Amino acid sequence: MITTRTAELRWIRADLRARRGQAALTVLAVAGIVTALIIAATLLEDGTNPWRGLFERSNGAHIWIHSKDVPDVSALRRLNGVTDVAGPYHSAPATLVTRGRRVPITLQETPAAFPAVARPLLREGRWLDVRTPNGVVVERSFARALGLRPGSPFTVTGLNGATHALTVAGLAESGDQGFYPEWTPGLAWTLGQTLNVVEPAPGRTETVTGLRLADPATTDLVVQRAVFTMRNQVQRVTTWREVRASMELDNRLLGLLLALFGGAGLAAAALALANAAGGRVLMQLRDIATLKSLGFTRGQVVRMLVTEHGTLGLLGIAAGAVVARLITAYAMGETVVVPLSAGPLAAIIVGTSLTVLIAVLIPAWRGGRTPPIPAAPAAPPRGHLSRLARVALLVRLPPALVLGARDAFTRRTPAALTVCGVAIPMMMITIGLGCWTTLDDFIRHPESVGQAAALTVRPGELTAEEARQRAMADQDVVAAYPGAELDALVPWQTRTVRTRALGLSSDPYPFPVVEGRMFADRGEAVAGQGLLDLLGVRIGDRVRMTIGGTPLIVRIVGRVVEPEQDGEVLSFGVDSLAAKDALPPQFYALVLRPGADAAQVRARLQGQGLEVAQAVNPADRLAVIRVIIVALVAVLALIGLASLLTASALGLRDHVFDLAVLKAMGLTPRQVTATLVTATGLPAAVGVVLGAAAGASWSRWLIDLEGRGSGVGAGIGRAPTPGMLAATLLIAIGAALLVALIPARRAARARVPVTAR
Amino acid sequence: MTADAPVVRAVNVVKIYQTGGLPVPAVRGVDLTVEAGEFVAIMGPSGSGKSTLVHMLGGLDTRTSGEIWLDGRRADTLSESGWAVLRREKIGFVFQFFNLVANMTVADNVELPALLGGVSPRQAKERRDYLLGELGLADRAEASPAQLSGGEQQRVALARALANQPRLLLADEPTGNLDSRNTRDVLRLLGKVHGQGQTIVLVTHDARVASMADRVVSLLDGQIVDDGAIPKSRRRPLGAAGDVVELRS
Amino acid sequence: MRQSLLALLAKEPAHGYELKQALETIFGGAYPSPNIGQIYVTLGRLEKDGYVRSVDVEQANRPNKKVYYITAAGREALETWVEEPTEGPRVRDEFFMKLVLAPMTGLSDRMALVNRQRRHYLALMRDLRELAERTDPANRVALLLIEGAMLHLQADLDWLERCQEDLP
């Protein structure tokens, strides 16, 4: 059996050697797809859960213990499972005074040299320096929220009322605490001596000690032991789980979109291989028949073809994995810290491998079915002038076009292969463009995804009415809707859902209602898809929930596009709330004049002493998708071209005889070229148009499906714009014709003898 | 299997093709026995079923009914892979269009059946060197089939068919695509291997090729109409004082 | 034979035995070896027709030999022979007569006739092939003659096939 294998390997080697370029192209296409998938997944993982990267890079501590006094560090270090200890550091509460506002902060002591464990990651400016003791390093998300930059004044009031003029030296990130404002108070690192100046009273500081564990799963056990070791000193404990939870974004839409692209990538990989292998097998049918006449069994032929083409695919996958690793390590070292975790990586590799094998199995099976009688070479084309062609001749189309068109569709299998080989990548490219348009639409029309208000203003220390007046005084603010966000308890559910009271029933906030209607009266509400799914209700149903003990009964009259909380949000007018919850309003949602720059308005309003938050457009969170779209479109275009090359090679082989005949009939080389280009280009153009049409009609539906699945709700999907679609069609058809032209020209010029091979 | 069993025994073999729902009989009840060492030529007009018969004898095509015994063993009931294994052990095939594997070198083409038959690569190479040497192609071992002339390709195909020292050499119009000089070369080789005891069944149109055989089988409409040895010439052997012209007058 | 002798004499005068040798050298084993008596008879006829003349040449201690040379009339006759087209394929075939007529007499059936004839043709073909193998490869004329015979034989076999297919 071993030597029988030798015969198979000999054939595989010879075949690969005979088509090095094509084989390399196959490997490249698969490698490109796998690279794109892995990088996309890495970006997604990193983007939706920054904790992992931050924690890894800062060598963070899994457990932080806040205690009154300095604990027995050596005892903590001896605890089973603890590998290292950070601190203990002093930490003191203080108040930051900036632009007329007073913001509570925590000042934490840090050595001037970077600590080994729980090391803050400096992003901008300088680290602490003993020579400039009044410099502080501010946690970046907090600094961003307050508009602080390196060099900004950092005026701190201690608990004793004394004010200290410190300066922001740098901004840093940390995996030991969540982002502001989800995690409060804001954090600033200072030198120990500075901390002592701000808070001289030792009784008002606390000590924080970080424990780094060998196995994060033992966290709970270690916490118990640490609390026991430290007796009654422990005030509170935070673990990495809380930090991670606070950093996690609602990533269902992103995940689903990525899954869509993953599916598209897999389909593309399958297509690339099926096309390459299928085309190759079609070209080799005679050789395969010969092999069978020599005594190769059907099983051996299948095994040989699967081995050959499968190896190319697996090689591509391996290359893709390596390249992706290199790219994430070197080219993207700044943005991505940690390579993709094992689970998704394994899923991608196993998924593509399976796809590859299935894609290869079909042509291999086809090859195995070849009867063992080697047919005479190049069976004469069985084509006949179709009715269409006759009509074309009647209306005096150039003969080259007619002949080409006849060729294109009389040989069904290659024609179908070409059409599919072009249509499927084209369809996926169009879907990708649809996603792009959808994202553009998010940004251009935020109101259509429920973000009519670019800013929300919280009164802070002002009264609600003052805040509203100050906000409305700004030239760019068009409207201010009073609002409150409250968690409501749903009967029969152990969890709460977010309710959002915004605007009045008579003057509702412009929610993007996609089904039903806007609430127009007290006791009416609109909901996101996520909420409808969660409660299992439909538009027109009544829901009953309790907010802070007060029952609330509303009728859901419409569905809105709801990008927040996975769509599990119920929205209604402020007047539907009990007065205790509604007055004064927690915040005002500000609708700006079209074209106004939200960041500028925000800066102006902050200058007025208002606490202003800027809405995060879902498109910003989905920006990673754009990178993937570009990469995938490139790879898909390559795949389409590769399958076209296969098709034109196949077409040329079939045409060797016709060429001589055509020339003998008196066609000029140019006409021969035109015939060949038409023969390959026509099915390709048909494929392009079909693919684009299918893609355009499906992209909206698919994205809406994704939207529905993610809770945001259907109604967000957009088809690619007509201009974009037209440009894509033109480029694709042009490229197809160009690819068909090169071999056709060469063939038309070559002298072709009229003999059997 | 048994030493005295005929190499080929076909009993009432029938082949009916279904074309467009209509049954078209190609071979209608053929009985044929070929003893070891015999050289049988099958002649007949095109469409008489001679290629089909040879394809069935080699298992390239399935019989509709009847029995085919090869080397004392019933073969018509074998599965496709059973036939494949039988072919690689006992049958060498030569086709009209040479059918060398285009991607493989001459050497690889000749070694392939030996490797397939389970011979070690070293032995396969030895056998290949011997065969190519015998056929005067030793210097073309690394050439690709496309670089060879038709005659050379057919000689390589013959070497490939003989690589496993098959019990039976089947040939389907081996000279149908060759000019007269290349035909003469291939004929000389066929004569040589037959002289060494090779059993050959060959389909041909070419009287020169058929005249090599010990026995000629004529097919007409899928049936055998004549089966017998080519007689010795009734006149004195030609040559010493040749009379070709006399033959014609 | 008349024309070939005339042609040889047009090249140079020769006596009978020289002519026989020349014919054998040119056509080789493929040509029926001419009988010397036949040559002298033919030369005599040619002389009678006025196409050749002969002169006796004396030889030392041997009988005189007769050397022949071509006349103007002979040259003219030779020219006519060269210029006129040669006769095409045979249309009268003895076997075909048998094939058509014998079944009528009930003496034999067509299938048996055709089969017997085919085997006979193949036997002839084998003789030709063996002859070709024995012939000096340098002798192009002889080999071409054999090949011509083979091609005629192949055509006869093909025709036989047609007869078998088309005659009831």
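Treat the numbers as computed from the prediction; the structure is a model and nothing was measured.

Asker: What should I look at first to understand the overall build of chain A in this one?
Answerer: When you go through chain A residue by residue, the secondary structure sums to 22 helices and 20 strands. Accessible surface for chain A amounts to roughly 33200 Å². Of this, 61% is attributable to carbon and sulfur atoms.

Asker: Help me understand the interface of chain A and chain B, please; the structure alone is not making it clear to me.
Answerer: Interfaces are often sized by the accessible area lost when the parts come together. On the side of chain B, 31 residues touch chain A, which itself brings 30 residues to the contact. Between chain A and chain B we count 11 residue pairs in polar contact (both at pLDDT 80 or more) in total. Broken down by element, the residue count for the side of chain A that touches chain B peaks at 10 residues, all from helix 1 (residues 2–18) of chain A. Of the residues that constitute the side of chain A that touches chain B, the class distribution is 13 nonpolar, nine polar and eight charged.

Asker: Please clarify how the sheet that holds strand 6 (residues 91–94) of chain B should be interpreted in this entry.
Answerer: Strand pairing in a sheet takes place through backbone hydrogen bonds and is either antiparallel or parallel in direction. Residues and elements named next belong to chain B. Ordered by their spatial adjacency, six strands build an open sheet running 6-7-8-3-9-10, and the pairing between neighbours is mixed. The strands lining the two open edges of the sheet, one partner per strand, are strand 6 and strand 10 (223–229). Averaged over neighbouring strand pairs, the angle between their axes works out to 15° when direction is ignored. Sheet analysis places strand 9 (residues 215–220) next to strand 10, joined by six bridges and oriented antiparallel. For arginine 215, the partnering residue across the bridge sits in strand 10 and is alanine 229. Its contacts with the sheet place helix 5 (residues 150–162) against strand 6 and strand 7 (168–172), and it is angled at close to 170° to strand 6.

Asker: What should I look at first to understand the pattern of salt bridges in this one?
Answerer: Here the idea is simple: oppositely charged side chains can pair when their charged atoms come close. Within the structure shown, the criterion is met by 36 salt bridges over all chains. Here lysine 292 of chain A ties to glutamate 80 of chain B by a salt bridge, and the two come within 2.5 Å at their closest N and O atoms. With lysine 292 of chain A in helix 9 (residues 252–294) and glutamate 80 of chain B in helix 2 (residues 80–90), the pair connects residues from two separate chains. Judged by relative accessible area, which is 1%, lysine 292 of chain A ranks as buried. Glutamate 80 of chain B sits in the partly exposed class, given a relative accessible area of 31%. Residues participating in the shared-partner salt-bridge network are Arg10 of chain A together with Asp108, Glu111, Lys125, Arg128 and Asp129 of chain B.

Asker: Please clarify how the UniProt feature "transmembrane region" (unreviewed entry) in chain A should be interpreted in this entry.
Answerer: Residues and elements named next belong to chain A. As annotated by UniProt and renumbered to match this structure, "transmembrane region" (unreviewed entry) occupies residues 23–44, 253–274, 312–333, 345–365, 415–439, 627–652, 673–703 and 723–742. Within residues 23–44, the helical portion is 100% and the strand portion 0%, while the C-alpha atoms at the span's ends are 32 Å from each other. This span, residues 415–439, is 100% helix and 0% strand, and a straight line between its end C-alpha atoms measures 36 Å.

Asker: Help me out: how do you make sense of the packing of aromatic side chains in this one?
Answerer: Two descriptors summarise a pair of aromatic rings, namely the distance from one centre to the other and the angle between the planes of the rings. If you walk through the whole model with that rule in mind, you get five aromatic pairs over all chains. Here the aromatic rings of tyrosine 481 of chain A and tyrosine 509 of chain A are separated by 5.4 Å at their centres, their planes lie at 85°, and the arrangement is edge-to-face. Remark: tyrosine 509 of chain A occurs in the loop between strand 13 (496–502) and strand 14 (513–516) and tyrosine 481 of chain A occurs in strand 12 (residues 477–489); sequence separation between them is 28 residues. Like tyrosine 481 of chain A, the residue tyrosine 509 of chain A is buried in the burial classification. Aromatic side chains phenylalanine 93 of chain B and phenylalanine 95 of chain B sit 5.1 Å apart centroid to centroid with 0° between the ring planes, which places their arrangement in the stacked category. Each member of the pair, phenylalanine 93 of chain B as well as phenylalanine 95 of chain B, carries the same accessibility label: buried. Site record: aromatic cluster; members linked through ring pairs are Tyr481, Tyr509, Phe511 and Phe519 of chain A.

Asker: Please clarify how unusual backbone geometry should be interpreted in this entry.
Answerer: Across the chain, the bulk of peptide bonds are trans and the bulk of non-glycine residues have phi less than zero. Residue and element names in this part refer to chain B. Unlike most non-glycine residues, aspartate 71 shows phi in positive territory, near 55°. Mapped onto the secondary structure, aspartate 71 falls in the loop between strand 4 (65–70) and strand 5 (73–74). Residues other than glycine seldom take positive phi values, yet glutamine 165 does so here, at roughly 45°. Locating glutamine 165 in the fold gives a position in the loop between helix 5 and strand 7.

Asker: Would you mind going over the environment of glycine 687 of chain A with me for this structure?
Answerer: Residue and element names in this part refer to chain A. Checked against the element boundaries, glycine 687 lands in helix 21 (residues 669–710). Placed 261 residues apart in sequence, glycine 687 and methionine 426 show a C-alpha to C-alpha distance of 7.8 Å. Ignoring any residue separated from it by four or fewer positions in sequence, one finds glycine 687 in contact with Val419, Val422 and Ala423.

Asker: Teacher, can you tell me more about the pairing of strand 7 of chain B here?
Answerer: If a strand is regular, its side chains alternate between the two faces of the sheet. Residues and elements named next belong to chain B. By the criterion of burial, strand 7 is predominantly enclosed, with five of the five residues buried. Going residue by residue along strand 7, you find Leu168, Leu170 and Asp172 tucked away on one face and Leu169 and Ala171 tucked away on the opposite face as well. Pairing analysis gives four bridges linking strand 6 to strand 7, with the strands arranged parallel. Bridge pairing in strand 7 places phenylalanine 93 opposite leucine 170. Note that strand 7 and strand 8 (residues 199–203) share five bridges and pair parallel. The residue bridging aspartate 172 from the neighbouring strand is valine 203, located in strand 8. Handedness of the crossover is the feature at issue here: the chain leaves strand 7, passes through helix 6 (residues 180–195), returns alongside strand 8, and the resulting connection is right-handed.

Asker: Where do I start with a nonpolar patch on the surface in this structure?
Answerer: The grouping of Val350, Leu354, Ile358 and Ile362 of chain A at the surface amounts to a nonpolar patch, some 400 Å² of accessible area in total. Structurally, leucine 354 of chain A is set in helix 11 (residues 342–368).

Asker: Is there a simple way to think about the sheet that holds strand 2 (residues 22–34) of chain B in this case?
Answerer: Residues and elements named next belong to chain B. Reading across the sheet, the four strands line up as 2-1-4-5 and stay open at both edges, with antiparallel pairing between neighbours. Of all the strands in the sheet, just strand 2 and strand 5 have a single pairing partner and so form its edges. Sheet contacts for helix 1 (residues 50–57): strand 1 (8–19), strand 2 and strand 4; angle to strand 1, the most-contacted strand, approximately 120°.

Asker: Honestly, the pairing of strand 13 of chain A in this entry has me stumped. Any pointers?
Answerer: All names here are of chain A. Counting buried positions over the seven residues of strand 13 gives five, a clear majority of the element. As defined by bridge partners, strand 12 adjoins strand 13 across seven bridges and the pair is classed as antiparallel. Considered in strand 13, the bridge of alanine 488 is made with valine 497.

Asker: Whenever I open this one, the side chain of serine 576 of chain A confuses me. Can you help?
Answerer: Mapped onto the secondary structure, serine 576 of chain A falls in the loop between strand 18 (569–572) and helix 17 (579–582). The residues touching serine 576 of chain A, leaving out its near neighbours within four places in the chain, are Ser505, Asp521, Arg522, Gly523, Glu524 and Leu552 of chain A.

Asker: It is not clear to me how the packing of helix 2 (residues 16–27) of chain C against helix 3 (residues 36–48) of chain C should be interpreted in this structure. Could you clarify?
Answerer: Helix packing geometry: the angle between the two helix axes and the distance between the axes. All names here are of chain C. Their axes nearest at 9 Å, the elements helix 2 and helix 3 cross at an angle of 115°. The two elements helix 2 and helix 3 cross, and the hand of that crossing is right-handed. Judged by residue contacts, Gly16, Tyr17, Leu19 and Lys20 of helix 2 engage Ile36, Ile39, Tyr40 and Leu43 from helix 3. For the contact of helix 2 with helix 3, the residue count by class is six nonpolar, one polar and one charged.

Procedures and definitions
- Residues numbered from 1 in each chain as written.
- Chains lettered and ligands numbered in written order.
- Predicted model: local features only at pLDDT ≥ 70, side-chain atom pairs only at ≥ 80, totals over all residues.
- Heavy atoms only, no water.
- Helix = DSSP H or I, 4+ residues; strand = E, 2+ residues; numbered from the N terminus.
- Areas by Shrake-Rupley, 256 points an atom, 1.4 Å probe, with all protein chains shown as cover.
- Contact = heavy atoms within 4.5 Å.
- Polar contact = N/O pair within 3.5 Å; in protein donor to acceptor, adjacent residues only side chain to side chain.
- Nonpolar A, V, L, I, M, F, W, Y, C, P; charged D, E, K, R; others polar.
- Pairing = 2+ DSSP bridges.
- Axes fitted to C-alpha atoms, helices over the stretch in contact; angles between N-to-C directions.
- Salt bridge = Lys/Arg side-chain N within 4 Å of Asp/Glu carboxyl O.
- Buried < 20%, exposed > 50% of the residue type's maximum accessible area, 1.4 Å probe, protein only.
- UniProt positions renumbered as here; feature names shortened; annotations may be inferred.
- Phe/Tyr/Trp six-rings, centres within 6.5 Å; stacked < 30°, edge-to-face > 60°.
- Right-handed = clockwise from strand over helix to strand, strands pointing away.
- Patch = residues over 30% accessible without salt bridge, like charges linked within 9 Å, V, L, I, M, F, W, Y side chains within 5 Å.
- Left-handed = near helix turned anticlockwise from the far one by under 90°.

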